[in-house]
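Observations on chain architecture
Below are the chains, spelled out letter by letter.
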Amino acid sequence: MAASVAAAAGLRRAIRRSPPWRGPSRRPISSKPPPAQASAVRDAFLSFFRDRHAHRLVPSASVRPRGDPSLLFVNAGMNQFKPIFLGTVDPRSEMAGFRRVANSQKCVRAGGRHSDLEDVGRDLSHHTFFEMLGNWAFGGEYFKEEACSMAWELLTQVYRIPEDRLWVSYFGGDPKAGLHPDLESRDIWLSLGVPASRVLSFGPRENFWEMGDTGPCGPCTEIHYDLAGGVGAPQLVELWNLVFMQYNREANGSLQPLPQRHVDTGMGLERLVAVLQGKHSTYDTDLFSPLLNAIHQGCGAPPYLGRVGEADEGRTDMAYRVVADHIRTLSVCIADVWRGYKDGRGCWVLVLRRILRRAVRFSAEVLQAPPGFLGSLVPVVVETLGQAYPELQKNSAQIASLVSEDEAAFLASLQRARRIIDRTVRHLGPSDVFPAEVAWSLSLSGNLGLPLDLVELMLEEKGVQLDTAGLEQLAREEAQHRAQQAEPVQEQGLRLDVHALGDLQRRGVPPTDDSPKYNYSLGPNGDYEFGTCEAQVLQLYTEDGTAVASVGEGQHCGLLLDRTNFYAEQGGQASDRGYLVRAGQQDVLFPVARAQVCGGFILHEVVAPECLQVGDQVQLHVDKAWRLGCMEKHTAAHLLNWALRQALGPGTEQRGSHLNPERLRFDVATQAPLSPEQLRAVERTVQGAVGLDEAVYVEEVALALTAQVPGLRCLDEVYPDPVRVVSVGVPVACALDPASRAALQTSVELCCGTHLLRTGAVGDLVITGERQLSKGTTRLLAVTGEQAQQAREMGQSLAQEVEAAAERLSRGSRDVAEAQRLSKDLGRLTDAVDTTTMPQWQRRELQATLKALQRRANTAVRKLEMGQAAKKTQDLLERHSKGPLIVDTVSAESFSVLVKVVRQLCEQAPSTSVLLLSPQPVGNVLCACQVAQGATPTFTAEAWALAVCRHMGGKAWGSRVVAQGTGSTADLDAALSTARAYALSQL
């Protein structure tokens, strides 16, 4: 079977390390002539699975994941097929028909849990962008024997890799988890002729693959290549990983068999090409050599020699690898989402800009490249990869432009950062650390956009240590601020897991027919009429997801029907609410709180007032007011999207939305916050469409018909085929005619939501809130109908109050009390404007007006207080002869006036220490004091005020020179005596 125990242990350690490509072997990597170019290697893989084994070739998914918030970037070939593995794939989508599939997937590992960014350049193997060749079999189309046989056939017969250079590993079991060894895979490899000495078993760490903490998983078998070729100890690197998804990791940590098994394989193109081209580094293949040559020609650095570590003097070769890898990553990512990169939205943009900044620093500082150098490398990437990924060719000009713009901006920031660091370091003492606040201002979270690790490196070069504790504190504060700004996470509710979905599919239960949700009409009186829906109970589920035949009184359960008229939450629209009744029993209502879609099945959340069983006939009723509110908001969202394009330009893109009857939330890509004029223009555009009371046309069409329609709005998500098209004022057939260009003149979108039949029912739309979610993304909040009318009325009412306050201010105030009342009224009015639901454009205008009025009011208060304080000061000076001390009472409406009197007394009598008490109408006593400039060091204002205020049962605060306090006493004379006695004891 296996090699000796000692040899096997050594090989296990070698495989676990997955060593980078090492120095030259004494034997060529492959003794047979390989495919000439990387493109031929890629094509051979795809042709093999398409022509010999009837696989469907699917394009690479975008590197920006669709609908998967757990990932910043697609980092494996299987990412786009997650819905199949989880059983949640929409049965109407193209993906639902996939059985055996192959492709070459663009992958990025930078940021998040799987990041190779900091390792790139340090060795000869790491990359942030790579291509993953893969083949998949879904739903048991084929399994271990076919997958292993295909892989062996491709490697040994098509690529002609010598069999004696290949080793395989398989899962050796996990007694703790109750998993037996995967002897089936072992025996398959032995039957294919792999010697037992090169078939090794490993535990779960190496040969059991898991998608995450929960979800589909299973044993894997790996094919490794021996770089040493039998000379000395084996040097094994992984070529291909074949994963057999046959279990599901449950929330409690246990493993349960999957209802359907899948095959998921992945092989890195870069490493495969290195093997086939006889190279000991992926950077020596034709995937990278054109870039390395272009770098050498463009910057005049010494030629690339493939050195690492101490041998790489000046880190020149490391810089070559960093620049070559990073420009590939940037080009591929920006090609997929160049508009999003330009807008600067999201964490993934920050990661890409971090990659760009790292590339710029190595090219400019190590390779001495001229400005604009990175952008000049984009055509080389396009030439190398453009045939496989046409989006590179299509968007090459935008990629080069954006890279060059960011390169120039970063170089300018880098120069400015150096000046700031130099200036700060000059003012540091020998043992001082670099201030965290300054480092933060230089970082991606601050003003200049430098990665913090780059700031640390720049300080390290100067021998200066950074205040890391302070930096961590700032990072925590930033995280807390973002958490406060984040939307509250909605409760997920009942869900059908992969086992429940597999059980339904195995039993042949068809997806829920939810077409009745679109069955509504306008009655003769103009009211919407929503029909009921007759359905049969197919399955019931308890709260923990267990399938049951019946539920009892008061039980919270999930209800699966053969058909429904309830809209399940999706596309940003909230789920319907309502109730159902059993046939023939109309007086017992079963409330439906929510409906959710899971793999084409609609699950209704119900609280059963009495027994309900599988097979029962029921009648469903949607909450008409709730549904109509959602329809109103959804049609308004389409009009808002169109109006924003009219106001901000045709390139304006929606970034997401969510709506329910209470409000509409809409995220839009913007270069800057919307001005009050733009906000008002958007509302007017929507009002115009609403006033026309145009028809809303909806039609289901083939997805392919929507691909080339100018102006058609759709989000970056997977749509079913056929897909529903919603068009305002123009029939769908006309809107989809490219020659008509109708979609440029009105709202036309792909949408599965429920909509009004005419726009007039929206009534009105008011944008009530606006804030920046991140750079380049604005979140708008809006209300419609009666809510919008109320918002306008509140805005008008507040505008009238602001106008009245301005008139009061213009008339002037007779005394301090009146001026202070006006100042406080303006503050309360500002709070009302900040928090009241009203038009955002009007809020912004009133806020600006109130800010100016508040400044004027505060100035008026200060002037009146100064005048009042001057009069009181003169009165006190006349009462007190010149001396070292003034202790007295004075009438003052506020601390502000009292402090001004004390200050003026000290200015006019610099050698005098002053303490004044001012009894207030509410019963407390204010205290303010200031010690003379020449007072003894032991005589401090804070201690003086504290002694007096403690006597009055109060408290005090301040500094050595000035202090304030409060207390309460009926015997002011005793308090004054305490003040004099304390001062005299100090003087």
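For every chain, the first residue of its written sequence is number 1, and the numbers climb from 1 along that sequence. Residues qualify for local features only when their pLDDT is at least 70, as the model is predicted, and side-chain atom pairs are given and counted only at 80 or more; totals for whole chains, interfaces and linings, by contrast, use all residues. To obtain the side-chain values, all non-hydrogen atoms of the structure were used and water was disregarded.

A few words on the overall build of the protein. Runs of E in the DSSP output that reach at least two residues are strands. Runs of H or I that reach at least four are helices, and both are numbered from the N terminus. Each helix and strand counted, the protein has 26 helices and 32 strands in total. In terms of principal-axis extent, the alpha carbons of the protein reach across some 115 × 85 × 60 Å. Any pair of residues with heavy atoms lying within 4.5 Å of one another is described as a contacting pair. Partitioning the intrachain contacts of the protein with sequence separation of at least 6 by distance along the chain shows that 71% fall at a separation of at least 24. Counting 102 positive and 112 negative side-chain charges, the protein places the centres of these two groups 5 Å from one another. His residues and chain termini do not enter the charge count, which takes Lys and Arg as positive and Asp and Glu as negative. Charged groups are reduced to one reference atom each: NZ for lysine, CZ for arginine, CG for aspartic acid, CD for glutamic acid.

So, on to the packing of helix α21 (residues 785-811) against helix α22 (residues 816-835). Only the contacting stretch of a helix is used when fitting its axis, a line to C-alpha atoms as for every element, and angles between N-to-C directions run 0 to 180 degrees. At a minimum axis separation of 11 Å, α21 and α22 run at an interaxial angle of 160°. Relative to α22, the element α21 is oriented roughly antiparallel. Read as a crossing pair, α21 and α22 show a hand that is left-handed. Where α21 abuts α22, its residues Leu798, Glu801, Val802, Ala805, Arg808 and Leu809 lie against Arg821, Leu822, Asp825, Leu826, Leu829, Ala832 and Val833. Here roughly perpendicular refers to angles of 65 to 115 degrees, roughly parallel to angles under 35, roughly antiparallel to angles over 145, and oblique to all remaining angles. Two helices crossing with the near one rotated counterclockwise from the far one by less than a right angle form a left-handed crossing, whereas a clockwise rotation gives a right-handed crossing.

What follows is about helix α24 (residues 895-908). Helices are assigned an expected span. That span is 1.5 Å times one less than the residue count. An ideal rise of 1.5 Å per residue puts 20 Å on 14 residues; α24 measures up with 20 Å between its terminal C-alpha atoms. Buried means the residue's accessible area, taken with a 1.4 Å probe over protein chains only, is under 20% of the maximum for its type, while exposed means over 50%, and partly exposed covers the values in between. Those residues of α24 lying buried are Val897, Leu898, Val899, Lys900, Val901, Val902, Gln904, Leu905 and Cys906. Where α24 is buried, its residues meet α22, α23 (840-879), β28 (885-889), β29 (913-919), β30 (925-930) and β32 (962-967).

Within a sheet, each strand pairs with its neighbour through backbone hydrogen bonds, oriented either parallel or antiparallel. Whether two strands pair depends on DSSP finding at least two bridges between them. Taken in spatial order, the three strands of this open sheet run β23-β24-β25, and their pairing is antiparallel. Each end of this open sheet is capped by a strand with a single partner; those strands are β23 (696-701) and β25 (748-750). The average angle at which neighbouring strand axes cross in this sheet is 20°, direction not considered. Of the strand pairs in this sheet, β23 and strand β24 (residues 723-728) are connected by six bridges, and their pairing is antiparallel. Within β24, the residue paired with glutamate 699 across the bridge is valine 725.

The strand order across the open sheet built from four strands is β21-β22-β27-β26, with neighbouring strands paired in antiparallel fashion. Two strands bound the open sheet, and with one partner strand each, they are β21 (654-659) and β26 (765-774). Between one strand and the next, the sheet's axes are offset by a mean angle of 20°, whatever the strand orientation. Strand direction decides the pairing type here: β26 and strand β27 (residues 777-784), joined by eight bridges, are antiparallel. Counted as the bridge partner of arginine 771 is arginine 779 from β27. Strands β21, β22 (664-669), β26 and β27 of the sheet are contacted by helix α18 (residues 624-648), whose axis makes an angle of about 20° with β22. Strands β26 and β27 of the sheet are contacted by helix α19 (residues 676-692), whose axis makes an angle of about 135° with β26.

Attention now moves to the packing of aromatic side chains. Centres within 6.5 Å are what make two rings of Phe, Tyr or Trp a pair, Trp counting through its six-membered ring; a difference in plane orientation under 30 degrees is then read as stacked, over 60 as edge-to-face, and the rest as tilted. Applying the stated criterion across every chain, the model contains 20 aromatic pairs. Centre to centre, the rings of phenylalanine 939 and tyrosine 982 are 6.4 Å apart; their planes meet at 50°, and the pair counts as tilted. A residue pair is termed long-range when its members are at least 10 positions apart, and phenylalanine 939 in the loop between β30 and α25 (941-951) and tyrosine 982 in helix α26 (residues 972-986) qualify at 43 residues. Judged by its relative accessible area of 0%, phenylalanine 939 is buried. Through a chain of ring-to-ring contacts, three or more aromatic side chains come together here, namely Phe81, Phe85, Phe98, Trp136 and Phe138. Its end group placed over the ring of tryptophan 841, arginine 680 keeps NZ or CZ at 3.9 Å from the ring centre. As a reminder, the over-ring test applies to NZ of lysine and CZ of arginine, requiring each to be within 6 Å of the ring centre and within 35 degrees of the ring normal. Sitting over the face of the ring of tyrosine 518, arginine 724 holds its NZ or CZ atom 3.4 Å from the ring centroid.

Its location among the elements puts leucine 428 in the loop between α13 (396-426) and α14 (436-442). On a C-alpha basis, the gap between leucine 428 and alanine 742 in space is 65 Å, while along the polypeptide they are 314 residues apart. Here leucine 428 is in contact with Val433, Phe434, Pro435 and Val464, once residues within four sequence places are set aside.

The next subject is the pattern of salt bridges. We define a salt bridge as a side-chain nitrogen of Lys or Arg found within 4 Å of a carboxyl oxygen belonging to Asp or Glu. Tallied over the entire structure, the rule returns 38 salt bridges. We note a salt bridge from aspartate 513 to arginine 563, for which the minimum N-O separation is 4.0 Å. Here aspartate 513 is found in the loop between α17 (498-506) and β10 (520-522), whereas its partner arginine 563 is found in the loop between β15 (555-561) and β16 (578-582), with 50 residues between them in sequence. Taking relative accessible area as the criterion, arginine 563 reaches 29% and is therefore assigned partly exposed.

The grouping of Arg416, Arg419, Arg423 and Arg426 at the surface amounts to a positive patch. Considering the arrangement of structural elements, one finds arginine 423 in helix α13. Surface patches are drawn from residues lacking salt bridges whose relative accessible area is over 30%; two like charges belong together within 9 Å, two nonpolar side chains (Val, Leu, Ile, Met, Phe, Trp, Tyr) within 5 Å. Computed with a 1.4 Å probe, the accessible areas rest on the Shrake-Rupley method; for each residue, only the protein chains presented here act as cover.

Turning our eyes to something else, we now look at the environment of valine 618. Within the secondary structure, valine 618 sits in strand β20 (residues 617-622). In the structure, valine 618 is positioned 34 residues away from glycine 584 in sequence and 8.8 Å away in space, judged by C-alpha atoms. Setting aside chain neighbours within four positions, we find valine 618 in contact with Cys533, Glu534, Ala535, Val537, Leu561, Leu580, Val581, Arg582, Ala583 and Leu612.

To continue, consider the pairing of strand β7 (residues 215-226). Extensive coverage of β7 is indicated by the burial of 12 of its 12 residues. In this antiparallel pair of consecutive strands, strand β6 (residues 208-210) and β7, the connection spans four residues. Here β7 pairs with strand β8 (residues 236-249) via 10 bridges, running antiparallel. Each bridged residue has a counterpart across the sheet, and for threonine 221 the counterpart in β8 is leucine 242.

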